[in-house]
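Next come the chains, spelled out residue by residue.
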Amino acid sequence: VCGDYSLRLSQGVMLWNSFSISSAQEPSSMIKRGALTLHPYRSTSEGEFFRGAAIFLEWKEMIDLTLFYSNNMVDAKIEGDSFVSLPTDGLHDTGNKLLNRNTLNMEMVGGDIGFFFEGFKVGARWSSFKYPLEDRRKRDEYNKYQKFEGWNTSFGVDLFYSAGGVRCVAEVALDKELDLGAMATVVAPLGDRLEAGLSLRYFDCKLSLPSKLYNECGALLSVKWSPSRKILCSGNFSYTYSPLSRYRVKGDSHRAKGLCDFSWMPDSAHKLSCQLSASYDSGFDLKKYYVKATYQLQIDSSMTISSRIHCSYSERFGILSYIEGKYGWGEGLFSLLLRATAFNVPSWDSRIYTYERDIPGKLLDQPVIKFI
């Protein structure tokens, strides 16, 4: 590829810059998979991508090799021969933020190689990146080790093993100061209808990787149980501990989150699901609770009706509800979608995420062309 692209290296300890909405709700989603490390860039972020050249080579499905080079502009506040901030939110909604847009180039080069055997894979990778100006950002407890000077090189290895339905993966990365980042995951069936997965991770406080992972260790447990063909239950619990300060948090802190999901599909026409979740962040002394229920009715092959109610609580109560109808004709070439939504979410902490089905941000008076 020549142009914009994204990379997915192993489990993402060192580098994985593709957007993913998976939350490890089921054990199978805990292990990131993908035959290709190199992908076209199809997202909307203005900074989380590579711009340059890359190549993916494969030999007899036994060896693959990826080489890449990127020289992309990122947001930064420049003062003289130094940069004093590296904003990553991608927002350019003020005059000052527009002045910082695409002012600093980030140069990166690297490679990844994988060797595949029956039920087994071993891989290795490296990457180096640098900024052309001196890093003079304000130092605080949360970023006092994250100083980018010269080339920042990191190396990583990973192992994957699969046999009898059991899958194990581990990845380790080291930066130029030999600070460690590592994760290990195992997913296994515990019966005909029960599956579980456990993941452990550790990222040193001084770690400097392209993935921007550091100052945390933790675990994730995920379980899926299907007592019958019509019922599916899943849940997960995650815990994260940060030994040093985080952004806007002084001292050590921990975060915990639990989720339980239940779905029932009595026949092909009806589907009912319910989800409960709760989270706690000691750094902000913040507790959040969510309850979501959805129902879908498939009237025929061309018409579907669905509804949802979603409640949240974090010091204040929020609620969102909608009913939606979809009708399609012309063997899928045309569809009409109508949705009525009512919501009252009075605070940011009790926010509720909802997604539209169509192209985000388009204006009603603009023509829209979809390629099918």
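Refer to the structure above for everything that follows.
Description of the structure in this document. Fair warning: this is a prediction, and the values are worked out from it, not measured in the lab. (Residues numbered from 1 in each chain as written. Predicted model: local features only at pLDDT ≥ 70, side-chain atom pairs only at ≥ 80, totals over all residues. Heavy atoms only, no water.)

1. Considering the overall build of the protein
Applied cut-off: Secondary structure counts use DSSP, requiring at least four H or I residues in a row for a helix and at least two E residues in a row for a strand, with both numbered from the N terminus. Atoms considered for the radius of gyration are the C-alpha atoms alone. The globule rule reads 2.2 Å times the number of residues to the power 0.38. The buried label goes to any residue with under 20% of its type's maximum accessible area, the exposed label to any with over 50%, and the partly exposed label to all in between, with areas taken from a 1.4 Å probe on protein chains only. Only heavy atoms enter the contact rule, under which two residues are in contact if any of them lie within 4.5 Å. Using a 1.4 Å probe, the Shrake-Rupley method yields the accessible areas, and only the shown protein chains count as cover for residues. A positive count includes Lys and Arg, and a negative count includes Asp and Glu. His and the chain ends are not counted in either. Lysine's charge is taken at NZ, arginine's at CZ, aspartate's at CG and glutamate's at CD.
When its secondary structure is counted, the protein shows one helix and 21 strands. A globule of 372 residues ought to have a C-alpha radius of gyration of about 21 Å, and the protein, at 23 Å, matches this closely. Dimensions of the protein, computed from the C-alpha atoms along their principal axes, are close to 60 × 55 × 45 Å. For the protein, with 372 residues in total, the buried portion stands at 34%. The contacts in the protein between residues at least 6 apart in sequence include a share of 50% that link residues at least 24 apart. Here the protein has roughly 22500 Å² of accessible surface; of this, 60% comes from carbon and sulfur atoms. On the protein, the mean spot of the 44 positive side-chain charges and the mean spot of the 42 negative ones are 3 Å from each other.

2. With respect to the pairing of strand β18 (residues 286-300)
For the record, the criterion: Following DSSP output, two strands are said to pair if at least two bridges run between them.
One ladder, built from 12 bridges, connects strand β17 (residues 270-281) with β18; its direction is antiparallel. Note that in β18 the partner of S277 across the bridge is Y290. In sequence, β17 turns back onto β18 through a hairpin of four residues, with D285 there showing a positive phi of about 50°. One ladder, built from 11 bridges, connects β18 with strand β19 (residues 303-314); its direction is antiparallel. Across the sheet, the residue bridging to Y289 is Y313, located in β19. Following β18, the chain reverses through two residues before pairing antiparallel with β19.

3. Here we look at the pairing of strand β13 (residues 194-203)
Note: strand β12 (residues 180-189) against β13, nine bridges, orientation antiparallel. What sits directly across from T185, in β13, is S199. Hairpin connection, β12 to β13: the antiparallel pair is bridged by four residues, and G191 has positive phi, about 150°. Summarising the sheet, β13 and strand β14 (residues 216-228) pair through 10 bridges and their orientation is antiparallel. Bridged to F203 within β14 is E216.

4. Notes on the side chain of S128
In plain terms, the rule: Two N or O atoms form a polar contact when they lie within 3.5 Å of each other; inside protein one atom must be a possible hydrogen donor and the other a possible acceptor, and for residues adjacent in sequence the pair counts only when both atoms belong to side chains.
Inspection of the secondary structure puts S128 in strand β8 (residues 120-130). Among the polar contacts listed, one links the side chain of S128 to the side chain of T153, at a separation of 2.8 Å. If we ignore the near neighbours within four places in the chain, the residues touching S128 are E107, M108, V109, W151, N152 and T153.

5. Points about unusual backbone geometry
The backbone phi angle of K212 is positive, close to 65°, even though this residue is not glycine. Backbone geometry places D285, a non-glycine residue, at a positive phi of 50°. Note that D285 resides in the loop between β17 and β18.

6. Some thoughts on the side chain of D261
This is how it is decided: We define a salt bridge as a side-chain nitrogen of Lys or Arg found within 4 Å of a carboxyl oxygen belonging to Asp or Glu.
With respect to the helices, strands and loops of the structure, D261 is situated in strand β16 (residues 253-267). The buried charged residue D261 lacks any salt bridge partner; its closest oppositely charged side chain belongs to K292, at an N-O distance of 6.8 Å.

7. Brief notes about the pattern of salt bridges
Evaluation of the coordinates by the stated rule reveals 17 salt bridges. The residue K121 makes a salt bridge to D158 at a minimum N-O spacing of 2.9 Å. Here the residue K121 occupies a position in strand β8, and D158 occupies one in strand β10 (residues 152-163), the gap between them amounting to 37 residues. For K121, a relative accessible area of 13% puts it in the buried group. Owing to a relative accessible area of 3%, D158 belongs among the buried residues under this scheme. A cluster of three or more residues bridged by salt bridges with shared partners is formed by D112, K121, R125, D158 and E171.

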